[in-house]
Structure formats: C-alpha cells, structure tokens
Amino acid sequence: MGLEKQARNQPRKCRSDGQCRIRQGGVMRLVSLALTSVLTVFSASLTAETTEQVTPAADQAQLIYPPVIVQENEPRYVAPTLRDRIGRIWAPVMINGKGPYRLVLDTGANSSAIIPSVVKSLGVSTHESKKVQLHGVTGSAVVPVVNADSLEVGDLYIDGATLPVVADVFGGAEGILGPKGLGDKRIFIDFRNDEIRIQRSRGESAAPGYTRLPVKFTAGQLMMFEIRIGGIRTKAILDTGAQLTLGNQALREALLRRNKKGEAQDIIGVTLDVQTGHSFNVPTISLGAIEVRNMRVTFGDMFIFEQWKMNDEPAMLIGMDVIGSLGSLVIDYKMRELHMRPRR
C-alpha cells in the first residue's frame, strides 16, 4: 500500500491536542503530528547526521507558531492519556543556565533539538555553514544547528551540545530531549502526579506492583524489546515523543487485516513531511504482564521503518497513546529495563 507524501512547505497551524491544520487543494485538513509529546504521533525518531554546505529542504527558522498556553489546572510536564487527550512527557531543561525550557522526553530520538523561539531566547546564532540531516517518521530534512554550552535537568548535565533547530510542532513544548548523557540514568515518570525525575541509576529492582521488561539498545540508542499482539511476536520501539502507535506492513499482514481498508490517518513528522496510514483495532497488546486492550494502531509503509530496517518482520512503534495509559513508568538506562505500573 503506497503512502501519500505531501510537500512540507504547505501552511500549517498546530494545536495543543496534537492536531495540525494543513491546506490541500484549497481545503483545510486536520492531521495528527508525528513528533511531540502532548501530541504527536511519533517520536519523530530524530536521527541527526552531519552534512556540510547543503541547502535546507525547508526554512525552519520561519516556521514559528503561536505559543500554546498551559492553563493552571493542566499538568505542566507529565500528563496521562485520557479519553480526549493523548498523554505527554516533558522535562524542565536548563540550557546555558536559562529556562527551564519544556523539552519532550523522546526515547525515539538520538539527538536533542530545539525550536526557533528557544534559539531567540538563548541569544545564540545558527551555523549556516553546518547543517544536519534529520530522519523522522515520515521523511527527512536538512536543518541548521546551534551550539549550547550546557543542558541540565535533574542529575543530567551535558557540557556542550550541538542542537538541531526544528519546526514548532510540539503543542507547547519547546524541543526534544534525546538520550545523550542518559546511559547511567534512571527516569521516573508519574502520570497521576505530574512528576518526572532524572537521577543516577543505583540498580534498583522493580518495586512491588511494577512489571519489569528488559530492553536492548540499537546502535542509534533506540529501546527495543519484544511484545505480543494477539499472540504475534513483535519487535517494539518505545517512543515517548510519538503521539500515536504505529505498526509496519508485516505486522498488519500477520494480523490478517490486509484486506480491510481501515480509517485513513495522516501523520506529520518533525521534518513536516506527511504520510497516510490506515488505523485498525488490534487484539490485546501484551507488555510483559500488562495487557492493553481496545487499541487502534496505524499501519503503513512509514519512512522510519525503512530507516530502522524493520520492514521484514512484525514491528511496532509504541507511542504516548499506549504509554500514557500507564500509572507510572521507570526507564532505567543503566539496567536496560523498563518498569511499568498500570493505572489504578
């Protein structure tokens, strides 16, 4: 099944619920984002590759949207998935001693990134002679970078970082916090109490009431583990920067849903490319001892599955629609484990 790819320079306006309006053929359409926390569909699985003297595919510096105001009765950083809202995980990050800036904790990225308004707030300049190639869920793009002296949140301190400058598609967040510096850290996320803690891992075992799930790290620092969907063994990537959960065509065929059209679902990635998949209700998703029922998954030939070489066997990118349904989550990079507690 082919997927539509739209031009990334179409007018877009993004909302705090993870939806963007794009103009197509004179008609405004509402689509889901592919990278953000409050929202997006996929962690934009951000992969940065350095390039020299290239022309950007889109002028990211001009893609600045009106800020999204989080009301006082709304969680500031961590919010659960509800009937009318996809969950989010944002971290309060200090950059060059300024902030904090709310960055999407993105386990599907291999690089941190910021939006143009943060660049302006920091008073730094982009490097026009040095750009990076971003590979997102739906496509790729070349963007400028800035140098930051430091990033700090909790026990995480990064001395010097090169940050790609990406479009504001995060529904109120101001960029992405990638995995650099997290190799010996433990992240605790409490969806009920709007809490995120990044601390040094001390090798703690899973607390009572939590399910332990061992993970492996790919060369790009993606978290990979095995799950079952209706009894089908499936490779899964944890993507806290993605709004929706995605499946590849091999998984769709294994679930014997190939002949059903499903509901069309447009997806925008951090590169602003748009692809169209089709969503279906899937059998029970088993995350170790935790079972997730009545979930819809969007299937398609997503660009990112090809980049990750995950087209040949059943694979899934688990987004915040599933992750945010938990009560709390521990990501222990040092122990290579996930600890999950169901919502009560």
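Basis of the calculations
- Residues numbered from 1 in each chain as written.
- Predicted model: local features only at pLDDT ≥ 70, side-chain atom pairs only at ≥ 80, totals over all residues.
- Heavy atoms only, no water.
- Buried < 20%, exposed > 50% of the residue type's maximum accessible area, 1.4 Å probe, protein only.
- Helix = DSSP H or I, 4+ residues; strand = E, 2+ residues; numbered from the N terminus.
- Pairing = 2+ DSSP bridges.
- Polar contact = N/O pair within 3.5 Å; in protein donor to acceptor, adjacent residues only side chain to side chain.
- Contact = heavy atoms within 4.5 Å.
- pLDDT = per-residue confidence, 0-100.
- Salt bridge = Lys/Arg side-chain N within 4 Å of Asp/Glu carboxyl O.
- 1 Å grid on protein atoms, 1.4 Å probe; cavity = no way out; pocket = protein on both sides within 12 Å on 5 of 7 lines; lining within 4 Å.
- Points joined across faces, edges and corners; volume = space filled by probe spheres on them.
- Nonpolar A, V, L, I, M, F, W, Y, C, P; charged D, E, K, R; others polar.

Caption draft 1: Spotlight on the pairing of strand S24 (residues 295-299). Burial within S24 is extensive, with four of its five residues counted as buried. One ladder, built from two bridges, connects strand S19 (residues 246-247) with S24; its direction is parallel. By the bridge assignment for S24, Gly 247 is matched with Phe 299.

Caption draft 2: View of the side chain of Asp 321. Assignment of secondary structure puts Asp 321 in helix H4 (residues 320-323). In terms of polar contacts, Asp 321 uses its side chain to reach the side chain of Thr 245, at 2.7 Å. If we skip the residues at most four places from it in the chain, Asp 321 touches Thr 81, Ile 86, Gln 243, Leu 244, Thr 245, Met 295 and Arg 296.

Caption draft 3: Highlighting the confidence of the model for the protein chain. Here the protein chain averages 76 in pLDDT, and 69% of its residues register 70 or above. Taken together, the stretch residues 1-45 has pLDDT below 50 and engages in 197 contacts with residues farther than four places along the chain or on a different chain. Per-residue pLDDT stays below 50 along residues 49-72; that stretch engages in 49 contacts with residues further than four places along the chain or on separate chains.

Caption draft 4: Up close: the environment of Ile 285. Its location among the elements puts Ile 285 in strand S22 (residues 285-287). Beyond its immediate stretch of four places on either side in the chain, Ile 285 contacts Ile 227, Arg 228, Ile 229, Ile 290, Glu 291, Val 292, Met 295 and Met 316.

Caption draft 5: Structural view of the pattern of salt bridges. All chains considered together, the criterion is met by nine salt bridges. Close ionic contact of Glu 337 with Arg 212 constitutes a salt bridge, the shortest N to O distance being 2.6 Å. Highlighted residues: Glu 337 in strand S27 (residues 337-342) and Arg 212 in strand S15 (residues 211-214), separated in sequence by 125 residues. Exposure remark for Glu 337: the relative accessible area of 9% places this residue in the buried category. Ionic contacts of the salt-bridge type, sharing partners, join the residues Asp 184, Lys 185 and Arg 200 into one network.

Caption draft 6: A look at the pairing of strand S6 (residues 88-95). Among the eight residues that make up S6, six are buried, leaving the element largely enclosed by the rest of the structure. Hairpin connection from S6 to strand S7 (residues 98-105): two residues lie between these consecutive antiparallel strands, with Asn 96 at a positive phi of about 55°.

Caption draft 7: Examining empty space enclosed by the protein more closely. In this structure the tally under the stated criterion is one cavity of 30 Å³ or more. Here the largest cavity defines a volume of roughly 60 Å³. Residue lining of the largest cavity: Phe 225, Leu 238, Leu 287, Ile 318, Val 322, Ile 323, Leu 326, Leu 329, Leu 338 and Met 340, and that is the complete set. Residue assignment for the lining of the largest cavity shows that the elements contributing at least two residues are H4, strand S26 (326-332) and S27. Tallied by class, the residues present in the lining of the largest cavity amount to ten nonpolar, no polar and no charged.

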